[in-house]
Amino acid sequence: MQRIQDADILLVDDTPELLALVSRALAGAGYTRLRTADSCAAARRAFAARVPELVVLDINLPDGDGFSLFRELNAGGEVPVLFLSARDADADRLFGLGLGADDYLTKPFLTQELLLRIQLILRRAYRGALQQSAAARLTLGARSVDLNDAAVCGPDGRTLTLTATERALLQKLAANRGHIVTFDALCRAVWNADYYGYENTLGVHIRHLREKIEDDPGRPRWILTVRGLGYKLAGEGNA
C-alpha cells in the first residue's frame, strides 16, 4: 500500500442506500479499492476471495450479526474493523470495542466523520508500510522514481529502468537526501569495498544515473558532486 487511499476496503451492510452513500463518499475522497457485501454470507465470500485491509461492518445483518461475523473472520485481529451500527447503546459500543474492533460509529453519522475515522484507522494500522512505501518513492522535479521497481518515469511519460548498481547508489543517496554521502560510503553500500580501486567505476555509474534522472547530465540539478568528499542528492527546495 503506497497511500491510505490504496487500501482494500470492504463495506458490509444490508441497506443498499447506505452502501451507495458510503461508497460515493470514499470514492470522492480518493479511495479506489472498494467492495460491498449485504450479508454475512457475502462478506465470507469476499474474505475468501481476498482479505481486505479494512472492514466497515454493520451489526444487524439479515443472516446473522456483525459481532459474530467479526469473531469468525477476524479471530487473529489482523484486519482493522470499524463497526457502523444503528445500535447506540453504550453496552453495544463497549462490547464491539471489547471484541477488538478499532472503532464504533453509530447511525446516523456525518460522512466527514466517517472518512476521518477511516483515515485515522488506516494510518495507525499501516504506518510502517506507508512509511516504507514513501521512502521508496522519490520526486526529482518532473521525474518520479520508484526504487522498489527500479523505474524512472519522465515528464514525457516514458519509463527508464535503473540497473541494480544505479538503484543501490540512488537508494543510498536518497536515504541521506540533502547530506553528503562520501565516496567510501557509496562504495561500501554498493560493492562492500573501499573507495580506492573503485574511483573510475563509481564515476561511470554516477554518470549513467544522471543520464536517467537529470534534464542536463552535464549540469546536474539533483546528484551534486561535493569535490573531494562525495555526492549529495539535492532536496526539492534546494535544487
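Our subject is the structure listed above.
Quick caveat: nothing in here was measured; it's all calculated off a predicted structure. (Residues numbered from 1 in each chain as written. Predicted model: local features only at pLDDT ≥ 70, side-chain atom pairs only at ≥ 80, totals over all residues. Heavy atoms only, no water.)

A. Spotlight on the sheet that holds strand E1 (residues 8-12). The parallel open sheet is built from five strands, whose spatial order is E2-E1-E3-E6-E7. Strands at the two margins of the open sheet, each flanked by one partner only, are strand E2 (33-37) and strand E7 (103-106). Recorded for the sheet is a direction-independent mean angle of 20° between the axes of neighbouring strands. Strand direction decides the pairing type here: strand E6 (residues 81-85) and E7, joined by four bridges, are parallel. From the neighbouring strand, leucine 82 faces E7, where its bridge partner is aspartate 103. Across the sheet, helix H3 (residues 66-73) lies against strand E3 (54-57), E6 and E7, angled at about 165° from E6, the strand it touches most. (Pairing = 2+ DSSP bridges. Helix = DSSP H or I, 4+ residues; strand = E, 2+ residues; numbered from the N terminus. Axes fitted to C-alpha atoms, helices over the stretch in contact; angles between N-to-C directions. Contact = heavy atoms within 4.5 Å.)

B. Region of interest: the pattern of salt bridges. Under the definition given, this model contains 14 salt bridges. With its nearest N and O atoms 2.4 Å apart, the salt bridge here joins aspartate 8 to arginine 50. In this pair, aspartate 8 is assigned in strand E1 and arginine 50 in the loop between helix H2 (40-49) and E3, connecting sequence segments 42 residues apart. Residue classification places aspartate 8 among the buried positions, given a relative accessible area of 1%. Given the relative accessible area of 39%, arginine 50 is considered partly exposed. A salt bridge links aspartate 90 to arginine 93, with the nearest nitrogen and oxygen atoms 3.8 Å apart. Pair noted here: aspartate 90 and arginine 93 are both in helix H4 (residues 90-99), with a separation of three residues, about one helical turn. It is possible to trace a salt-bridge network through shared partners that takes in Asp8, Arg33, Arg35, Arg50 and Glu53. (Salt bridge = Lys/Arg side-chain N within 4 Å of Asp/Glu carboxyl O. Buried < 20%, exposed > 50% of the residue type's maximum accessible area, 1.4 Å probe, protein only.)

C. Spatial organisation of helix H1 (residues 16-28). If you check H1, its first and last C-alpha atoms are 18 Å apart, about what 13 residues at 1.5 Å a residue would give, namely 18 Å. Check the buried side of H1 and you find it contacts E1, E2, E6 and helix H5 (111-125). Glycine 30 lies just past H1 and shows a positive phi near 100°. (Expected span 1.5 Å × (residues − 1).)

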